[in-house]
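# Chains, contacts and geometry: an overview
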Amino acid sequence: MRVHSLGILAFLFAGFVAPVSSHAREMVYLTGYPAGTIVVKTNERRLYFILDGSQAIRYPIGVGRAGKAWSGSAYINGKYIRPGWSPPLEIKRDKPSLPDLIPGGSPRNPMGAAALTLSEGEYAIHRTNNPASIGGFVSYGCIRMYNQDIMDLYGRVSLGTKVVVLQ
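Quick caveat: nothing in here was measured; it's all calculated off a predicted structure. (Residues numbered from 1 in each chain as written. Predicted model: local features only at pLDDT ≥ 70, side-chain atom pairs only at ≥ 80, totals over all residues. Heavy atoms only, no water.)

## A word on the pairing of strand 2 (residues 38-41)
Relative to strand 3 (residues 46-50), strand 2 runs antiparallel, the two being bridged by 4 bridges. Of the residues in strand 3, the one forming a bridge with Val 40 is Leu 47. Note: strand 2 against strand 11 (residues 162-166), 4 bridges, orientation parallel. Each bridged residue has a counterpart across the sheet, and for Val 40 the counterpart in strand 11 is Val 165. (Pairing = 2+ DSSP bridges. Helix = DSSP H or I, 4+ residues; strand = E, 2+ residues; numbered from the N terminus.)

## A look at unusual backbone geometry
One non-glycine residue, Arg 45, lies in positive phi territory at about 55°. In this fold, Arg 45 is placed in the loop between strand 2 and strand 3. On the basis of relative accessibility, which here comes to 21%, the residue Arg 45 falls in the partly exposed class. Of note in the backbone geometry, Arg 82 takes a positive phi value of approximately 45° without being a glycine. Mapped onto the elements, Arg 82 comes out in the loop between strand 6 (72-81) and helix 2 (89-94). On the basis of relative accessible area, Arg 82 is assigned to the exposed category, the value being 53%. (Buried < 20%, exposed > 50% of the residue type's maximum accessible area, 1.4 Å probe, protein only.)

## A closer look at the pattern of salt bridges
For the coordinates displayed, the defined rule picks out 6 salt bridges. Between Asp 152 and Arg 25 there is a salt bridge, with the nearest N and O atoms lying 3.3 Å from each other. In this pair, Asp 152 is assigned in helix 3 (residues 147-156) and Arg 25 in the loop between helix 1 (5-14) and strand 1 (26-29), connecting sequence segments 127 residues apart. The class of Asp 152 is buried, set by a relative accessible area of 17%. The partly exposed category is assigned to Arg 25, whose relative accessible area is 34%. Put simply, Lys 92 and Asp 100 hold a salt bridge, and the shortest N to O gap is 3.1 Å. What you see here is one network of salt bridges that share partners, running through Arg 25, Asp 149, Asp 152 and Arg 156. (Salt bridge = Lys/Arg side-chain N within 4 Å of Asp/Glu carboxyl O.)

## Considering the nonpolar core
If you look at the biggest cluster of nonpolar residues, it comprises 23 residues, and the most contacted ones within it are Ile 38, Leu 47, Leu 116, Ile 125, Met 145 and Leu 153. Those elements that provide at least two residues to this core are strand 2, strand 3, strand 4 (55-60), strand 6, strand 7 (114-118), strand 10 (143-145), helix 3 and strand 11. The residues touching Ile 38, leaving out its near neighbours within four places in the chain, are Leu 47, Tyr 48, Phe 49, Ile 76, Ile 125, Leu 153, Val 157, Thr 161, Lys 162, Val 163 and Val 164. Counting 7 residues, the second-largest nonpolar core is a separate cluster that includes Ile 91, Ile 102, Met 111 and Tyr 140. (Core = buried A, V, L, I, M, F, W, Y, C linked by side-chain atoms within 4.5 Å. Contact = heavy atoms within 4.5 Å.)

## Description of the sheet that holds strand 2
In space, the 9 strands of this open sheet follow the order 1-4-3-2-11-6-7-8-10, with mixed pairing throughout. This sheet does not close on itself; its edge strands, each paired only once, are strand 1 and strand 10. Geometrically, the sheet is characterised by an average inter-axis angle of 30° between neighbouring strands, direction not taken into account. Sheet topology places strand 7 next to strand 8 (residues 124-127); 3 bridges connect them, and they run antiparallel. Directly across from Ala 115, in strand 8, lies its bridge partner His 126. (Axes fitted to C-alpha atoms, helices over the stretch in contact; angles between N-to-C directions.)

Spelled out as structure tokens, the structure:
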């Protein structure tokens, strides 16, 4: 494991290691999309929320595993705080022991604090109950975020927000 001297200083003076940029949201330069658009770059495992013509917030994400990733355009058709989760049929087939409904607030519920449902398929942008999965190709097509990041994004978007998913 590589440790940066800045991280050591943060640990010594603040009692913890500050997150490195690969694990934290950050401001970046990105053009080509109108303000308010969400752009998911699957191969980068990053989600961008466009602020204006050249600035975006970049968030680390977990994306669809091999054979489950998708691309295209959608829009946000639902915003939910602590939603219950019913596994789609494909997930139930692969994991038949899952209950038909996992209530909101349960530690087993992958939707977590918030979920933004998408108009295409049975997909959502949501928190994960497995933070170690962020940065990986891990889901059935949903976009996983850290809890604090989905809450930040949730407050920035509205119903109808355009979502562009690229490979």
